[in-house]
Amino acid sequence: MVEVVAANPQLRELESLVIAIQTACKTIANVVERASITGVTGLEAGGGSINIQGEEQKRLDVITNDVMKRALRFSGKVGVLASEEEDNPVSVNNFPTDKYKDVGLKTTSFNSEVIVEETGGKFIAVFDPLDGSSNVDAGIPTGTIFGIFEEDPLAVCEISDDDIQDEKFTQCLVNTLRPGNSLVCSGYCLYSSSVFLCITLGDGVNIFTLDRQIGEFILTHPRVQIPKRGKIYSFNEANRYEWDQPLIEYVTAIQTGKGESGKQYSSRYIGSMVGDVHRTLLYGGIFGYPGTNKNLNGKLRLLYEAAPMSFLMEQAGGLSITGKTRIMDLVPTNVHQRVPCLMGSKEDVLEAKKYYDNCSDPEQIAKFNSRKVW
């Protein structure tokens with residue numbers, strides 16, 4: 001990272017922001033590792049706590065969300081935050097409580113979809129604090145996803161609590177909804193057999209591994225490049241008969257060795273996006289969370305899941321699309337907008353895209369066109 005910043009002085013302010021993210025990831029890694037011991041598994045408030053997605057929040061969702069917000073806030077570089085676990089926008093200048101003192105953390109009592117902070121920070125941070133949190137009880141890998149945008153100097157958000165719900169706030173929010181091609185940094189932290197921090201500043205992808213003996217992330221995978229083609233596909237096949245017909249045909253072809261490579265692909269699916277993308281990045285192949293008949297737009301959020309991961313994938317030489325369109329080019333219309341997603345080795349993704357391009361079924365085309373983004 002130091003080398004990238006040295007070559008691009010305009011990114012110097014990102015240094016302290018990335019250090020803040022590293023600190024948050026170390027804290028979250030410790031909280032996740034000790035979750036069963038400290039008793040913070042299970043649902044928030046014993047059940048019934050629902051986030052903006054309509055999903056029941058886990059205690060760890062709330063704790064890790066607060067860890068990320070505090071770390072980013074005190075970096076002094078962030079003006080606006082957006083998170084999966086947030087609801088209504090409020091100021092971040094709230095006094096911390098001791099809600100989770102049993103795990104050595106202080107948390108703030110606010111809930112917000114976008115947090116507007118008048119610190120003069122020039123960056124917008126978006127994140128999913130604990131992807132795959134429902135897997136923690138079973139010891140399955142989880143992760144944190146983050147993306148950083150540079151704030152538009154012509155759309156600076158300086159809003160008081162009194163302005164939160166008015167037109168001024170609405171316009172400010174619209175100005176912060178940026179396409180993935182505006183990202184200046186993105187990454188994820190995987191909590192698994194080791195703790196891996198994967199990050200790009202727009203000049204390639206590097207993966208660091210946490211050395212617990214010294215408490216620092218060590219560069220272990222420099223300049224990561226995804227293989228041009230893999231032999232692993234990663235989808236939730238329980239939804240197979242709800243998928244688009246072109247995708248069913250593509251997956252059938254690679255399962256049976258009738259795809260372009262002539263090789264029979266293997267299936268690997270964890271159910272945690274960070275874990276599945278990490279494996280795909282290293283071994284190649286294709287990962288997807290496509291739209292279904294039930295969820296036309298898929299379930300991945302464009303702003304803080306699909307776009308940051310797409311930036312990483314493309315920086316490593318891969319590709320990420322909805323099925324037809326490059327995800328990095330999509331402009332979010334709201335913070336929690338969902339999008340179908342296929343990403344991985346460039347040749348594999350382009351092969352999948354051909355099935356969509358060649359689809360002439362009027363019923364399927366009508367379904368594609370009914371999606372919010374396509």
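Residues numbered from 1 in each chain as written. Predicted model: local features only at pLDDT ≥ 70, side-chain atom pairs only at ≥ 80, totals over all residues. Heavy atoms only, no water.

A. Quick peek at the sheet that holds strand 11 (residues 232–234). With respect to topology, 5 strands assemble into an open sheet ordered 12-11-13-17-15, the strand pairing being mixed. Strand pairing shows two members of the sheet lacking a second neighbour, strand 12 (266–267) and strand 15 (319–321), which therefore form its edges. Sheet topology places strand 11 next to strand 12; 2 bridges connect them, and they run parallel. Note that in strand 12 the partner of tyrosine 233 across the bridge is serine 267. Each of strand 15 and strand 17 (341–344) is contacted by helix 8 (residues 302–315), which is oriented at about 25 degrees to strand 17, the strand it contacts most. Along the sheet, helix 9 (residues 346–357) makes contact with strand 13 (286–289), strand 15 and strand 17, crossing strand 17 at roughly 150 degrees. (Pairing = 2+ DSSP bridges. Helix = DSSP H or I, 4+ residues; strand = E, 2+ residues; numbered from the N terminus. Contact = heavy atoms within 4.5 Å. Axes fitted to C-alpha atoms, helices over the stretch in contact; angles between N-to-C directions.)

B. Molecular detail of the side chain of threonine 144. Position of threonine 144 relative to the elements: it lies in strand 6 (residues 142–150). Looking at threonine 144, the relative accessible area reads 0%, which means it is buried. Apart from the residues lying within four places of it in its own chain, the contact partners of threonine 144 are Ile28, Met68, Asp128, Pro129, Gly187, Tyr188, Cys189, Tyr191 and Val274. (Buried < 20%, exposed > 50% of the residue type's maximum accessible area, 1.4 Å probe, protein only.)

C. Region of interest: the side chain of arginine 371. You can see arginine 371 is positioned in the segment after helix 10 (362–369). Within the local environment of arginine 371, its side chain forms a polar contact with the side chain of aspartate 244, the two groups lying 2.8 Å apart. (Polar contact = N/O pair within 3.5 Å; in protein donor to acceptor, adjacent residues only side chain to side chain.)

D. Molecular detail of the environment of valine 32. Mapped onto the secondary structure, valine 32 falls in helix 2 (residues 14–33). Here valine 32 is in contact with Leu130, Val136 and Thr142, once residues within four sequence places are set aside.

E. How the structure looks around the packing of aromatic side chains. With the rule as written, the count across this model stands at 6 aromatic pairs. With a centroid separation of 6.3 Å and an interplanar angle of 40 degrees, the aromatic rings of tyrosine 233 and phenylalanine 235 are classed as tilted. One exposure class covers both tyrosine 233 and phenylalanine 235, and it is buried. For the ring pair tyrosine 250 and tyrosine 355, a centre distance of 5.7 Å and an interplane angle of 65 degrees mean the geometry is edge-to-face. (Phe/Tyr/Trp six-rings, centres within 6.5 Å; stacked < 30°, edge-to-face > 60°.)

F. Spotlight on helix 8. The buried fraction of helix 8 amounts to 13 of the 14 residues, a majority that puts the element mostly inside the structure. Trailing helix 8 by a residue or two, glycine 317 shows a phi angle of about 95 degrees, which is positive.

G. Quick peek at the environment of serine 194. With respect to the helices and strands, serine 194 occurs in the loop between strand 7 (183–191) and strand 8 (195–200). Classification of serine 194 as partly exposed rests on a relative accessible area of 27%. Taking C-alpha positions, serine 194 is 6.9 Å from threonine 209, a pair spaced 15 residues apart along the chain.

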